[in-house]
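One-letter residues, chain by chain:
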There are 2 protein chains.
Amino acid sequence: MTTPNPDAIAILGGTGDQGLGLALRFAKAGRPVVIGSRKADRALTAAEEVQKAVPGADVVGFENSEATPKARIVIISVPFEHTASTVKGIREVLAPGQILVSMAVPLATAIGDGAVRTLGIWQGSCAEMVKGLVPKGVEVVSAFQNVSAHRLQHLEDEVECDVLVSGAKDAREEVSALCELVPGLRAINGGPLSNAKIVEEITALLIGLNIRYKVPEGLGLRITGIPDAG
Amino acid sequence: MTTPNPDAIAILGGTGDQGLGLALRFAKAGRPVVIGSRKADRALTAAEEVQKAVPGADVVGFENSEATPKARIVIISVPFEHTASTVKGIREVLAPGQILVSMAVPLATAIGDGAVRTLGIWQGSCAEMVKGLVPKGVEVVSAFQNVSAHRLQHLEDEVECDVLVSGAKDAREEVSALCELVPGLRAINGGPLSNAKIVEEITALLIGLNIRYKVPEGLGLRITGIPDAG
C-alpha cells in the first residue's frame, strides 16, 4: 500500500463545480492535488483544467479508488445521492490515519424535489452517514458545505465565507488548516460531527437566499463577535 | 374588542432575557411597548425596568391575554416548552390582522438535555407549531431566534447580527421593519415559514460556538454577498 502523501489533498468528485473550485484554490496555494472521479479520463481532463488555470500546479487525476490512497486528506465532493456509493467504493483502500471530509448536503434534489429543502437522514447528517461507512481509524470531518462553487472558481476574488468544521479535534484542526489556503475562508470550530446536521441544512437556506436575492454567484455566511477575528 | 395599536409591539415573556432585550431596544427607538407575562405584577416590574433604562419610554405591563389585544404585532418570547400553552392562552383574544412572531427554539433543554441540541418538532419547527394553533387571519412570522439577549440588553452597543425573517410576504415585511429599529440588526428575507426549521437550529449551533469560543455575550451571524448591503 502506498503511504498517503501528508501534503496532498484528494478531491473525489473533483470534476464537479465545488470540487473543481477547491482543487483550483488548493493548487493555487501550492498544495499537491489529486482529483478523483468515477472515470479516470474525466479526472485527467479536470486535472488539465486546473493546470491551465494555475500554471505549474502539482495536480493529477485518477479513478476514485486510485486517487484515495495518494493523499492523507480525502474530500468527498460528489452529490449527496452518490456519497454512500462513493465511500463504499473506496472503503477497501482507506488506511487508518486518513481523514475523509464530508461536504455533501442531503438536498431534496436527490429525490427530484427542490434544492431549498433537505431530506432527513437516519444517522443525523450526511457526515454521520459517511462516518458509519468508513473503517476504524479513519476520521470523518464535516466542512465546506456552505462555500459557493462559483466563488471558489473565481481565483482572483476572495471567498467571503466562514467554514464550520465539525469532527474529532485533531482531524478537525487539520481540515481547518486547509481553509487558510483559500483567501477569505475562515475555519470555525463547529464542534462534534453531529453538528453537521445543522451546517448541512444551512446550505439549503443559503440556496433559497441566492434565489430571493438574485445572487447566482452564491451568498456566504460569517459568524460575528469572535474575539481576535480578522 | 380593542383595536390593536398598529405602532405598539407586544412582547409576551417580555420579562425574560431576550424579550426584555427587545423591549428595551424597541422602547429606545420610540415605539410603544406592551410587556406581557403570566403574572401581571412581573410584567409591571419589567415595564418599570424599561422605563428606568429608557427615560420617557412608552411601556406598559399586563398579563398575557390583556397585553395581546393592545398591539398589532405580538412577539412570543417565552421558552419553547411554554410556547404552545402561551399561544393557547391568548387564542381567544387574537384578532384577524394581528401578527404573531415566533422566536422560540426547540432546544433540548426543554426535556432536560443540553442547549446545543434541538428536539424534532412534528410540524417542522416551533414557528409552524404556532401557526397550527392560531385562528384564521392571524399571521405567524419566524424571527429573532439568533439574536443574543445579552447584546440586546446592552443599549450602548450595536447588535451585529442578521435576522432571518420567514413567513407570508406582508407580515414578513412588517416584522422585518422592526429590525431597523435596532442598530446593527439587518432583516434577511428568510422565505416561507417552513425555513424556520433551519433558522431555529442555527441557534443551537451558535450556543455551542459561544461555549467553544468563550463568548458568553453571544455570537451572531451575517449573510455575506448581498448586493447593496450596508
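Residues numbered from 1 in each chain as written. Chains lettered and ligands numbered in written order. Predicted model: local features only at pLDDT ≥ 70, side-chain atom pairs only at ≥ 80, totals over all residues. Heavy atoms only, no water.

Caption draft 1: The arrangement of the overall build of chain A in detail. Along chain A, the regular secondary structure elements total eight helices and nine strands. In terms of overall dimensions, chain A is globule-like: its C-alpha atoms have a radius of gyration of 16 Å, near the 17 Å expected for 230 residues. Referenced to the eigenvectors of the C-alpha coordinate spread, the extents of chain A come out at roughly 45 × 40 × 40 Å. When each of the 230 residues of chain A is scored for burial, the buried share is 55%. Counting only contacts in chain A whose residues sit at least 6 apart along the sequence, the fraction spanning at least 24 positions is 74%. As displayed, chain A offers around 9,600 Å² of accessible surface, 52% of which is attributable to carbon and sulfur atoms. (Helix = DSSP H or I, 4+ residues; strand = E, 2+ residues; numbered from the N terminus. Rg over C-alpha atoms; globule rule 2.2 N^0.38 Å. Buried < 20%, exposed > 50% of the residue type's maximum accessible area, 1.4 Å probe, protein only. Contact = heavy atoms within 4.5 Å. Areas by Shrake-Rupley, 256 points an atom, 1.4 Å probe, with all protein chains shown as cover.)

Caption draft 2: A look at helix H8 (residues 196-212) of chain B. Residue and element names in this part refer to chain B. Taking 1.5 Å per residue, 17 residues should reach 24 Å; H8 reaches 25 Å between its end C-alpha atoms and fits that length. Burial of H8 is extensive: 13 of the 17 residues sit out of reach of the surface. Count one or two residues on from H8 and you reach Lys214, which has phi positive near 50°. (Expected span 1.5 Å × (residues − 1).)

Caption draft 3: View of the pattern of salt bridges. Residue and element names in this part refer to chain A. Taken as a whole and assessed by the stated rule, the structure comprises 13 salt bridges over all chains. Here Lys131 and Glu139 are joined by a salt bridge, their closest N and O atoms 3.7 Å apart. A relative accessible area of 36% places Lys131 in the partly exposed class. Of the residues examined, Glu139 reaches a relative accessible area of 30% and is grouped as partly exposed. Here the residues in one salt-bridge network are Asp162, Arg186 and Arg222, joined through shared partners. (Salt bridge = Lys/Arg side-chain N within 4 Å of Asp/Glu carboxyl O.)

Caption draft 4: Highlighting the relation of the copies chain A and chain B. With an axial shift of 0.0 Å and an RMSD of 0.0 Å, the rotation relating chain A to chain B amounts to 180°. The superposition of one copy onto the other is thereby described by a two-fold rotation axis. Within chain A, the C-alpha atom positioned nearest to the axis of rotation is that of A:Arg222, 2.5 Å from it. Counting the interface residues of chain A, we find that 100% of their copies in chain B are interface residues as well, pointing to one common contact surface. (Least-squares fit on C-alpha atoms with pLDDT ≥ 70 in both.)

Caption draft 5: Structural context of the environment of B:Thr203. Residues and elements named next belong to chain B. On the secondary structure map, Thr203 appears in helix H8. Sequence separation between Thr203 and Leu94 is 109 residues, and the spatial gap between their C-alpha atoms is 28 Å. Excluding residues within four positions of it along the chain, Thr203 makes contact with Val105, Gln145 and Asn146.

Caption draft 6: Molecular detail of the nonpolar core. A:Phe26, A:Ile75, A:Phe144, B:Phe26, B:Ile75 and B:Phe144 are the most contacted members of the largest nonpolar core, which totals 108 residues. Discounting residues that sit within four places of it in the chain, A:Ile75 has contacts with A:Ile9, A:Ala10, A:Ile11, A:Leu12, A:Leu22, A:Phe26, A:Val101, A:Met103, A:Phe144 and A:Leu178. (Core = buried A, V, L, I, M, F, W, Y, C linked by side-chain atoms within 4.5 Å.)

Caption draft 7: Looking closely at a negative patch on the surface. A surface patch of like charges, here negative, comprises A:Glu156, A:Asp157, A:Glu158 and A:Glu160. Mapped onto the elements of the fold, A:Glu156 is located in the loop between helix H6 (149-153) and strand E7 (161-165). (Patch = residues over 30% accessible without salt bridge, like charges linked within 9 Å, V, L, I, M, F, W, Y side chains within 5 Å. Lys, Arg positive; Asp, Glu negative; His and termini not counted. Charge placed at Lys NZ, Arg CZ, Asp CG, Glu CD.)

Caption draft 8: View of helix H4 (residues 80-90) of chain B. All names here are of chain B. Along H4, the residues classified as buried are Phe80, Thr83, Thr86, Val87 and Ile90. In a view along the axis of H4, the buried residues occupy a sector of 95°, so they form one face of it. Taken together, the buried residues of H4 touch strand E1 (5-12), helix H3 (64-67), strand E4 (71-76), strand E5 (99-102) and helix H5 (126-131). (Arc of directions from axis to C-beta.)

Caption draft 9: Here's a closer look at the pairing of strand E1 (residues 5-12) of chain A. Residues and elements named next belong to chain A. As judged from the five bridges shared by E1 and strand E4 (residues 71-76), these two strands associate in the parallel manner. Note on E4: the bridge partner recorded for Leu12 is Ile76. Sheet analysis places E1 next to strand E2 (residues 33-37), joined by four bridges and oriented parallel. Of the residues in E2, the one forming a bridge with Leu12 is Gly36. (Pairing = 2+ DSSP bridges.)

Caption draft 10: Here's a closer look at the confidence of the model for chain A. Looking at chain A, the pLDDT average stands at 96 and 98% of residues meet or exceed 70. Scored as a whole, the predicted complex attains pTM 0.91, and scored at its interfaces, ipTM 0.85. (pLDDT = per-residue confidence, 0-100.)

Caption draft 11: Examining the packing of helix H1 (residues 17-28) of chain B against helix H2 (residues 40-53) of chain B more closely. Residues and elements named next belong to chain B. Where H1 meets H2, the axes come as close as 10 Å, and the angle between the chain directions of the two elements is 45°. The angle between H1 and H2 falls in the class oblique. Considering the relative orientation of H1 and H2, their crossing is right-handed. Taking contact as the criterion, the partners of Leu20, Ala23, Leu24 and Ala27 in H1 are, on H2, Ala46, Glu49, Val50 and Ala53. When the residues that make up the contact of H1 with H2 are grouped by side-chain class, the tally is seven nonpolar, no polar and one charged. (Axes fitted to C-alpha atoms, helices over the stretch in contact; angles between N-to-C directions. Parallel < 35°, antiparallel > 145°, perpendicular 65-115°, else oblique. Left-handed = near helix turned anticlockwise from the far one by under 90°. Nonpolar A, V, L, I, M, F, W, Y, C, P; charged D, E, K, R; others polar.)

Caption draft 12: Spatial organisation of the pairing of E5(B). All names here are of chain B. With burial as the criterion, each face of E5 is covered, one bearing Ile99 and Val101 and the other bearing Leu100 and Ser102. Summarising the sheet, E4 and E5 pair through four bridges and their orientation is parallel. The residue of E5 that forms the bridge with Ile75 is Val101. In this fold, E4 hands off to H4, which returns the chain to E5; that crossover is right-handed. With four bridges joining them, E5 and strand E6 (residues 139-142) adopt parallel strand pairing. Among the inter-strand pairings, Leu100 is bridged to a residue of E6, identified as Val140. Once you follow E5 into H5 and on to E6, the crossover reads as right-handed. (Right-handed = clockwise from strand over helix to strand, strands pointing away.)

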